[in-house]
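What follows is the residue order along each chain.
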Amino acid sequence: LTLLDSLTDVAASDWDAVAAPEQVDGRPLDPFTTHRFLSALESSGSIGTGTGWQAAPLVLRDGGTLLAATPLYIKTHSQGEYIFDHGWADALERAGGRYYPKLPIAVPCTPATGRRFRGPDDCRETLWRGAIAVTAQNRLSSLHATFCTPEEAEALAGVEGTLHRV
C-alpha cells in the first residue's frame with residue numbers, strides 16, 4: 001500500500017487497468033476516475049498548490065503489479081466538493097477543533113456518483129483501512145468517501161472507526 005504525491009507517479013495504463021476497466025464502445029464507463037481525467041486536473045492547475053486540493057492517490061500493489069487504487073486528496077477547504085460541510089467546519093472550529101486539513105476519497109470538482117475504490121472488491125477494505133491509517137498518521141481531521149456507490153458505502157459501513165452517513 002503506497003501513498004503517492006501525484007497521479008503522474010503511476011503509469012496511465014496501470015491506473016486505467018484498475019480504475020477504468022469497464023468499456024462501452026472503447027470508452028470508459030466512468031471517465032471521472034481515468035488517469036487522463038484526474039491527471040488533467042493536476043496538469044491544468046485545477047488542483048494542486050493553492051487550490052485546496054492536493055493529490056495523494058493511494059495504490060495497492062503486489063510486487064510491481066497494481067492491484068487497486070483510490071483517488072485520495074488532502075483538502076484545506078470545502079470548495080469544489082459539492083458536500084457543503086461548512087456548518088460542520090464552523091461548529092468544530094467553534095468547539096476548539098480543526099476541520100481542515102481533511103482527506104477525501106473523491107473526484108475533484110465532480111459531483112458524479114461512481115466507484116471510488118477501483119480494482120477487485122476484495123481490495124476495497126484494504127484501501128479504506130490504509131486511508132484511515134494515513135488520516136491518523138498525519139493527524140488529519142477526518143476521512144471522507146464522497147459520491148461513492150451505495151454498494152461501496154454499505155461494504156465499508158461496518159469497518160471499525162467508520163461512520164456511515166446517508
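No experiment lies behind these values; they were computed from the predicted model shown.

Draft legend 1. Highlighting the packing of aromatic side chains. Applying the stated criterion across every chain, the model contains 4 aromatic pairs. Aromatic side chains Phe32 and Phe37 sit 5.2 Å apart centroid to centroid with 80° between the ring planes, which places their arrangement in the edge-to-face category. Their ring planes at 85° and their centres at 5.5 Å tell us that Trp53 and Tyr73 sit as a pair that is edge-to-face. Taken together, the residues span a long stretch of sequence, with Trp53 in strand S4 (residues 53–55) and Tyr73 in strand S7 (residues 73–75) at a distance of 20 residues. For the pair shown, Trp53 and Tyr73 are each scored as buried.

Draft legend 2. A look at the pairing of strand S6 (residues 65–70). Relative to S6, strand S5 (residues 58–62) is paired through 5 bridges, and the arrangement is antiparallel. Counterpart to Leu58 in the pairing with S6 is Thr70. In sequence, S5 turns back onto S6 through a hairpin of 2 residues, with Gly63 there showing a positive phi of about 65°.

Draft legend 3. Summary view of the pairing of S5. Strand direction decides the pairing type here: strand S1 (residues 2–3) and S5, joined by 2 bridges, are antiparallel. Its bridge partner lying in S5, Thr2 is registered against Val59.

Draft legend 4. Examining the sheet that holds S6 more closely. Spatial ordering of the open sheet is given by S1-S5-S6, a layout of 3 strands whose pairing is antiparallel. Sheet topology places S1 and S6 at the edges, where each strand pairs with a single neighbour. Strand contacts of helix H1 (residues 12–19): S5 and S6, with the helix running at about 65° to S6, the strand carrying the most contacts. Sheet strands touched by helix H4 (residues 124–137): S1, S5 and S6. Its angle to S5, the strand with the most contacts, is close to 125°.

Basis of the calculations
Residues numbered from 1 in each chain as written. Predicted model: local features only at pLDDT ≥ 70, side-chain atom pairs only at ≥ 80, totals over all residues. Heavy atoms only, no water. Phe/Tyr/Trp six-rings, centres within 6.5 Å; stacked < 30°, edge-to-face > 60°. Helix = DSSP H or I, 4+ residues; strand = E, 2+ residues; numbered from the N terminus. Buried < 20%, exposed > 50% of the residue type's maximum accessible area, 1.4 Å probe, protein only. Pairing = 2+ DSSP bridges. Contact = heavy atoms within 4.5 Å. Axes fitted to C-alpha atoms, helices over the stretch in contact; angles between N-to-C directions.

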